[in-house]
Structure formats: structure tokens, C-alpha cells
Amino acid sequence: MHFEGIYTPVITPFKEDYSIDYDAYTAHVQYLQASGVHGLMIGGTTGEYYVETHEERVDLLKVAREICGDSLQIIFGTGSINPDASLKLAEDAAKYQADVILVATPPYSLPTQRELALHALAVDRAADLPIMLYNYPDRMGVNMEEEFLDRVGRSNNFCGIKESSGDINRLHMLARDYPHIQVACGMDDQALEFFAWGAKSWVCAGSNFLPTEHLALYNACVVENDFNKGRRIMSAMMPLMRVLEQGGKFIQSVKHGVTLDGRVSGQVRKPLRGLNKDEKQAMAQVVKTLKTTIAGIAAETPEDTFVKTIKANISKAKAEVASTQAGE
């Protein structure tokens, strides 16, 4: 299994009574399929899996697979505070044709590395599907350390990891010491660094409403190997990263982004609450500026970039000459 491209952790639209709005969900999955993203993650944190029943989570997988057919990779989340629930989710992932399962640390229990490995291997046996690990210690409480990675290495199904620790040293460690495990960017504000270190995939919630812009960064860095262009796109994206990560309103902000883009995103389930008026206005402005800036970068021809480089070099040379003359 190869992980390449943009993977969207799909939101779950809820109605006013907090039941799942399957019509809105269907329309959103169809939109993502048409947008050019390379895969979907069903039952991730952005999808609010932790407040959904087993049946709801599996139904969301069924609908997505029916819509997408074989056109997109589908990763199905098996995360749960109860390890037995993860086993059942893994079984249903195989039954209902997920391509990959996402295996995370059971939150709150704080297992040792050996205990965590035994859990992951049990989930592996339940599904016998390719696995993307999910390392997110801020939410789960435990890092997937070298001991864990060595232990699960006995199964070839462990072929990827969504790295969301925010620790750039872990990216270095994974790229150098575990090259057989494909690293997917799971920390949005570090996407450029992940691509520079050879990552070819990015699991990014913002692609729920800005797939074109996220694809632009992937294409610049991975397809075109143009990191000058990539840095400019990433710079334009950074204000959005700050909005999404600020104040613990990540999912609410992503859902509002979908609303701004013209689709029904619905409510968030408790304990979360939606954005207030000021937060919505701030996000709308950030999104507008981001889209305009990245569209301008994407529209440039290679000649435009070349001319800009020449002009910059001429300006630098003139400044150096002026500085030299002033010194004389």
C-alpha cells in the first residue's frame, strides 16, 4: 500500500437534533471525490468519531465506499478508549471494504510500549489490512516510541504512520530509522518540513473546504519538487493554521470552513459548541486572503518566477554596489 497525496479526514454533518445528516454527508463526499484529493479518512478525530456509535461509524464507511467505488483510498479509523471496540471496528473495516485501517493509542489508559504494541497487533489480526498508525500524544497521552515500532514491525501490514506529535525530531527519526514505514504529515503547520524529508502524503482537515489549495502545496513539493514555490504557498497557509489550532476549536473551524464553501456542515456534537460571530468573521477573512494568494501563485508561469528571480538578483546586486560605494 502506497500513501501518496492529500487525504481528507471527513467531517460528519449533524442535524439540529444531532443525528447524522446523511444527505449532507453524501454531498460532501461527492464533492471531495470530484475535488482531486487522493483518499478519505472516515472515522478520524475531525469526523468526531468519539461521540458516534459503532453503527454510525460503520454506516459512514459504507456510504463513502458506495459513493467512491475504487476511485479513492479509504482509511477507516479504529480508535476507541475500549480496545475491544477497536477490534470490532477493525473486523467491520475488512467486512465493508476499507482499504486501510487507522490504529491509534487507546486514550487515557497510558499503556506501556509493549502493551500498546500488543494492542496494535491484535487490531491487525482482526482486520488483516494495511495499517496507518496514528501518533498523537497530546490527545492519547502516549508516544509511539522506537520499542513500539520495533515490536509491530513483525507484521508487514504496518506500512504508514500519521505523525501528529509536533516534534520535528520524531520526523527525523522516522525518516532515518524506519524508512519502511511511510510517514504522512499529521501536523498541518509542518507540512513543508514533512515533504522536505520525503513524506508523500498529508492528512489535512483543511482539505474538507480547501482541497485545491492543499493540493497546490503537495504538487509544488512532491510532484514538481519546487520548494521555493512550496514555501510561498505554505506561508499563505500559515494564518489558517493559526486559526484552526487556536483556542481548541479545530473541528468547529473546519466545519465552518465547509459552510463558507457552500455545503452543509451541520452541528458539532457535545461537548463542543460552534464558533461565535467574531470567530466566524475572522476565519472568513483568512480563507478569502489565502485563496486569493495561492490562486495567484498557482497562476504564475515558470517565466514569471524566472523574471522575479532575476529582478531580485539585480536588486540585491545594486544594493551591494551602493553599500560598497558608501563605504568608499
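Up top is the structure these notes are about.
Small disclaimer: the values here were computed from a predicted structure and weren't measured.

Calculation rules
Residues numbered from 1 in each chain as written. Predicted model: local features only at pLDDT ≥ 70, side-chain atom pairs only at ≥ 80, totals over all residues. Heavy atoms only, no water. Helix = DSSP H or I, 4+ residues; strand = E, 2+ residues; numbered from the N terminus. Rg over C-alpha atoms; globule rule 2.2 N^0.38 Å. Buried < 20%, exposed > 50% of the residue type's maximum accessible area, 1.4 Å probe, protein only. Contact = heavy atoms within 4.5 Å. Areas by Shrake-Rupley, 256 points an atom, 1.4 Å probe, with all protein chains shown as cover. Lys, Arg positive; Asp, Glu negative; His and termini not counted. Charge placed at Lys NZ, Arg CZ, Asp CG, Glu CD. Pairing = 2+ DSSP bridges. Right-handed = clockwise from strand over helix to strand, strands pointing away. Disulfide = S-S within 2.5 Å.

Colleague: Looking at this model, I keep getting lost on the overall build of the chain. Mind explaining?
Modeller: Helix and strand counts for the chain stand at 13 helices and 8 strands. Taken against the 2.2 N^0.38 rule, which gives 20 Å for 328 residues, the C-alpha radius of gyration of the chain at 21 Å falls within 12% of a compact globule. Seen through its principal axes, the chain has C-alpha atoms that stretch 80 × 45 × 35 Å. Within the chain, buried positions represent 51% of all 328 residues. Relative to all contacts within the chain whose residues are 6 or more apart in sequence, the contacts with residues 24 or more apart total 70%. A total accessible area of about 15,300 Å² is found for the chain, and carbon and sulfur atoms account for 51% of it. For the chain, the centre of its 33 positive side-chain charges and the centre of its 42 negative side-chain charges are spaced 4 Å apart.

Colleague: Looking at this model, I keep getting lost on the pairing of strand β7 (residues 182-185). Mind explaining?
Modeller: Here is the key point about a regular strand: its side chains alternate between the two faces of the sheet. Sheet topology places strand β6 (residues 158-163) next to β7; 4 bridges connect them, and they run parallel. Across the sheet, Ile-161 pairs through a bridge with Val-183, a residue of β7. Handedness of the β6-helix α7 (residues 168-177)-β7 crossover: right-handed. As defined by bridge partners, β7 adjoins strand β8 (residues 201-203) across 2 bridges and the pair is classed as parallel. In the strand pairing of β8, Cys-185 is matched with Trp-202. Once the chain exits β7 it traverses helix α8 (residues 191-196) before rejoining the sheet at β8, and the crossover so formed is right-handed.

Colleague: Help me understand the pairing of strand β1 (residues 5-9), please; the structure alone is not making it clear to me.
Modeller: The element β1 is extensively covered by neighbouring structure, given that 5 of its 5 residues are classed as buried. In the sheet, β1 pairs with β8 via 3 bridges, with the strands oriented parallel. Pairing of Ile-6 across the sheet is with Trp-202, part of β8. In this fold, β1 hands off to helix α1 (residues 22-35), which returns the chain to strand β2 (residues 39-42); that crossover is right-handed.

Colleague: It is not clear to me how the state of the cysteines should be interpreted in this structure. Could you clarify?
Modeller: Where two cysteines share a covalent bond between their sulfur atoms, that bond is called a disulfide. Counted by the stated rule, this structure contains 0 disulfides. Cysteine Cys-185 shares no disulfide, and the gap to the nearest cysteine sulfur, in Cys-204, comes to 7.9 Å. Between Cys-221, a cysteine without a disulfide, and Cys-185, which holds the nearest cysteine sulfur, the sulfur-to-sulfur distance is 10 Å.

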